[in-house]
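Structural description and commentary
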Amino acid sequence: MPEARKVRVRESLYIGGEWVAPSGSEAIEVVEPATEEVLGRVPRGTPADAERAVGAARAAFEGWAATPVEERAGWLRRLHEGLVGRSDEIGTLIAREVGMPISMATLIQAIAPALVVGSFADLALEHPFEEKVGASLVLREPVGVVAAITPCNYPLYQLACKVGAALGAGCTVVAKPSEVAPLSAFVLADVASEVGLPAGVLNVVSGYGEDVGAALISHPEVDMVSFTGSTPAGRAVAATAAATVKRVTLELGGKSPSVVLDDADLEEAVRATVSQCYLNAGQTCLSWTRLLVPRSRHDEAVAIAAKVAEEFVPGDPLADARLGPVASKVQQERVRSYIRKGIEEGATLVIGGPEPPVGLDRGYYVQPTVFSNVRPDMTIAQEEIFGPVLSIIPYDSEDEAVAIANGTIYGLHGAVFSGSRERGLALARRLRTGQVDVNGGGYNHLAPFGGYKQSGLGRELGRSGLEEYLETKSVQL
Ligand code: NAD
């Protein structure tokens, strides 16, 4: 077996600055979506492990909160450097776990998380933790012990958003990574251990949502839950956390629109939309999965989308194919059933379909798929599919485009393409979403990220991300 395809086994959990034996004996098998073979094993943590980790995080909290911000920033810089030093290892690991093509995975799944962790060193140093308001001294203090629960699609990036902000703010963390893609969280713990991060500041307990996740969310010594995952799971998390009135931030699903105005460069807009929709095989919370085009240009847009989709030839992520598999068998089945639903409900299948791509009988591959003539009320235009499936929806007026764009339960992201920046910005202001890219404006890891409506509560990244982990105290002098 080539080195890159070796099985990675983790037998311990990272609690209180040590690698400790889990309380149970069961393991979770991590399956490589490109091969359907086991790529790794991690302990199946239990509520007892969660309890122990919360105890360690609680014990570390007072000392960490009192650590001068300059020192906390120093630790974040060391974590950043440790992650940068392991970016090739992490890129390969996540390409295998999630199925993202290796060169993209190294950039987005390994280097970007390191940058995010580093950004919180600077943000913490710049932050006004104390402020005079008349006769009051207003203090911004860390919330306390944070449970960080993360999803499978960008496993280290999502963890980095939480750990960087929480540690910068002075909170301690118990991380529960996705059971589908848990291995990079262990690499982060390796780095924390190597740099000598004070014991208990970061703890990692692998396991399932219903046991480790639920134990953390209901634990009275956990002050905040920072959750990233699907909207149904987010609703359950918020409901459980309500019993102990915890602070909750939720980064949830999306059904983001890409609105192409009549003065846009259609080729450029459609190319950008298809490419963004298929990023990570469509397993990206902010995917532009709905392409809204003027009815008069619908057929032209369909032809361009089909041409671009054909460039996304599925194949092995480690061979850097353009389109990898989706992360799990369950997800593959879900995506296929949505494609069938689109056909049943009368959308036009332009390219792709529910069958596996030709020549790829092994692996959780899905054909890059484009539907046209999609009505806004169709299931494929309303629900998050989380696969490489684009719905092209025609509109008759700008007002109608806005109504369609805003006409789902989600509000995470969106795009506007226009020949005029001002017109693009004016339309961006009308979208009920937490982020909008105008004419392909690039990703900014210092800009607040999060959802309107059922895409979430709170913001990650940048100063807003740090502030989520702070309580406010007014002292009258
Ligand atoms: P998921 O909801 O299945 O799982 C996410 C995490 O929550 C996992 O760690 C899981 O074990 C845990 N979990 C699930 N149910 C739980 C419960 N009831 N209590 C406690 N923990 C629970 O999501 P996934 O399939 O891993 O990730 C994909 C989803 O995440 C998509 O909906 C995607 O849009 C969303 N996402 C959102 C963002 C964002 O920033 N808004 C970023 C990435 C992913």
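Notes on the structure in this doc start here. All values reported here derive from a predicted model rather than from experimental measurement.

In spatial order, the strands read β15-β16-β17-β14-β13-β18-β19; together these seven strands make up an open sheet with mixed pairing. Only two strands of the sheet have a single partner each, and these edge strands are β15 (348–351) and β19 (437–438). As judged from the five bridges shared by strand β14 (residues 288–294) and strand β17 (residues 389–395), these two strands associate in the parallel manner. Among the inter-strand pairings, V293 is bridged to a residue of β17, identified as P394. Lying on the sheet, helix α10 (residues 298–310) is in contact with β14, β15, β16 (369–372) and β17; it crosses β17 at an angle near 170 degrees. Packed onto the sheet, helix α11 (residues 329–344) meets β15, β16 and β17 and runs at close to 25 degrees relative to β16.

Tallied over the full model, the rule gives two cavities of 30 Å³ or more. Approximately 50 Å³ is the volume attributed to the largest cavity. Lining the largest cavity, in full, are G254, K255, G282, T284, C285, S287, T289, E384, I385, F386 and G387. Residues belonging to the lining of the largest cavity are distributed by class as follows: three nonpolar, six polar and two charged. The computed volume of the second largest cavity comes to approximately 30 Å³. Lining the second largest cavity are K255, S256, P257, R290, A405, T408, Y410, G411, L412, H413 and T433.

As enumerated under the stated definition, the model contains six aromatic pairs in all. Judged by centre distance (5.0 Å) and plane angle (50 degrees), the ring pair of Y14 and W19 falls under tilted. Of the residues examined, W19 reaches a relative accessible area of 32% and is grouped as partly exposed. An aromatic cluster is defined as three or more aromatic residues linked by ring pairs; in this entry it consists of Y14, W19 and F186. The ring of F129 carries the charged tip of R72 above its face, separated from the ring centre by 5.8 Å.

Summarising the element assignment, P142 is placed in strand β7 (residues 136–142). Exposure remark for P142: the relative accessible area of 16% places this residue in the buried category. Distance from P142 to A105, taken between C-alpha atoms, is 33 Å for residues 37 residues apart in sequence. Aside from chain neighbours lying at most four places away, what touches P142 is F61, A65, A169, G170, C171, Y469, L470 and E471.

Every one of the 28 residues lining the ligand counts as a neighbour, but T150, K176, E179, S230 and E384 are closest to it. A distance of 2.8 Å separates an oxygen atom of the ligand from a polar backbone atom of T150. Between the ligand and G209 there is a distance of 3.3 Å, counted from an oxygen atom to a backbone nitrogen or oxygen. Expressed as a share of its isolated accessible area of 850 Å², the protein-covered part of the ligand is 85%.

This part takes up the packing of helix α3 (residues 87–98) against helix α6 (residues 183–195). Where α3 meets α6, the axes come as close as 9 Å, and the angle between the chain directions of the two elements is 160 degrees. As the angle between them shows, α3 and α6 are arranged roughly antiparallel. Contact residues: α3 offers E89, I90, L93, I94 and E97, while α6 offers L183, S184 and V187. Its residues assigned to classes, the contact of α3 with α6 shows five nonpolar, one polar and two charged.

Once that is clear, we can look at the layout of surface pockets. If you add up the space inside the second largest pocket, you get close to 200 Å³. Every residue lining the second largest pocket is counted, 11 residues in all, and those nearest its centre are R8, E89, L93, R96 and V187. Of all the secondary structure elements, the ones that give two or more residues to the lining of the second largest pocket are β1 (8–9), α3 and α6. The residue makeup of the lining of the second largest pocket, split by class, is five nonpolar, one polar and five charged.

A few words now on a nonpolar patch on the surface. A cluster of nonpolar side chains, namely L107, I111 and L115, defines an oily patch on the protein surface of about 250 Å² accessible area. Structurally, the position occupied by I111 is in helix α4 (residues 102–126). When its relative accessible area of 33% is taken as the criterion, I111 is described as partly exposed.

In this model helix α9 (residues 266–277) runs 16 Å from its N-terminal to its C-terminal C-alpha over 12 residues, within 8% of the 16 Å that 1.5 Å per residue would give. Among all positions of α9, only L266, A269, V270, T273, V274, Q276 and C277 are buried. The buried residues of α9 all sit within an arc of 165 degrees when viewed along its axis, so they share a single face.

As a further point, take the pairing of β16. Two faces, one strand: in a regular strand the side chains alternate between the faces of the sheet. Side chains T369 and F371 of β16 all project onto a buried face; the interleaved residues V370 and S372 project onto the opposite face, where all are buried too. Pairing of β15 with β16, which is carried by three bridges, proceeds in the antiparallel orientation. Its bridge partner lying in β16, L349 is registered against F371. Pairing analysis gives three bridges linking β16 to β17, with the strands arranged parallel. Bridging across to β17, F371 finds its partner in S391.

Checked against the element boundaries, A233 lands in helix α8 (residues 231–242). Between the C-alpha atoms of A233 and L252, which are 19 residues apart in sequence, the distance is 8.6 Å.

Phi at V245 is positive, roughly 45 degrees, even though this residue is not glycine. Counting through the fold element by element, V245 comes out in the loop between α8 and β12 (247–251). With relative accessibility at 73%, the residue V245 sits in the exposed group. A positive phi angle, near 50 degrees, is found at K453, a position not held by glycine.

Moving on, we come to the sheet that holds strand β21 (residues 470–476). Within the open sheet, the three strands sit side by side as β6-β7-β21. Their pairing is antiparallel. Each edge of the open sheet carries a strand with a single partner, namely β6 (130–133) and β21. Pairwise comparison of adjacent strand axes, ignoring direction, gives a mean angle of 25 degrees for this sheet. Inspection of the sheet shows β6 paired to β7 by four bridges, in the antiparallel sense. By the bridge assignment, K132 is partnered in β7 with L137.

About the thresholds
- Residues numbered from 1 in each chain as written.
- Predicted model: local features only at pLDDT ≥ 70, side-chain atom pairs only at ≥ 80, totals over all residues.
- Heavy atoms only, no water.
- Pairing = 2+ DSSP bridges.
- Helix = DSSP H or I, 4+ residues; strand = E, 2+ residues; numbered from the N terminus.
- Contact = heavy atoms within 4.5 Å.
- Axes fitted to C-alpha atoms, helices over the stretch in contact; angles between N-to-C directions.
- 1 Å grid on protein atoms, 1.4 Å probe; cavity = no way out; pocket = protein on both sides within 12 Å on 5 of 7 lines; lining within 4 Å.
- Points joined across faces, edges and corners; volume = space filled by probe spheres on them.
- Nonpolar A, V, L, I, M, F, W, Y, C, P; charged D, E, K, R; others polar.
- Phe/Tyr/Trp six-rings, centres within 6.5 Å; stacked < 30°, edge-to-face > 60°.
- Buried < 20%, exposed > 50% of the residue type's maximum accessible area, 1.4 Å probe, protein only.
- Lys NZ or Arg CZ within 6 Å of the ring centre and 35° of its normal.
- Near = heavy atom within 4 Å.
- Polar contact = N/O pair within 3.5 Å; in protein donor to acceptor, adjacent residues only side chain to side chain.
- Areas by Shrake-Rupley, 256 points an atom, 1.4 Å probe, with all protein chains shown as cover.
- Parallel < 35°, antiparallel > 145°, perpendicular 65-115°, else oblique.
- Patch = residues over 30% accessible without salt bridge, like charges linked within 9 Å, V, L, I, M, F, W, Y side chains within 5 Å.
- Salt bridge = Lys/Arg side-chain N within 4 Å of Asp/Glu carboxyl O.
- Expected span 1.5 Å × (residues − 1).
- Arc of directions from axis to C-beta.

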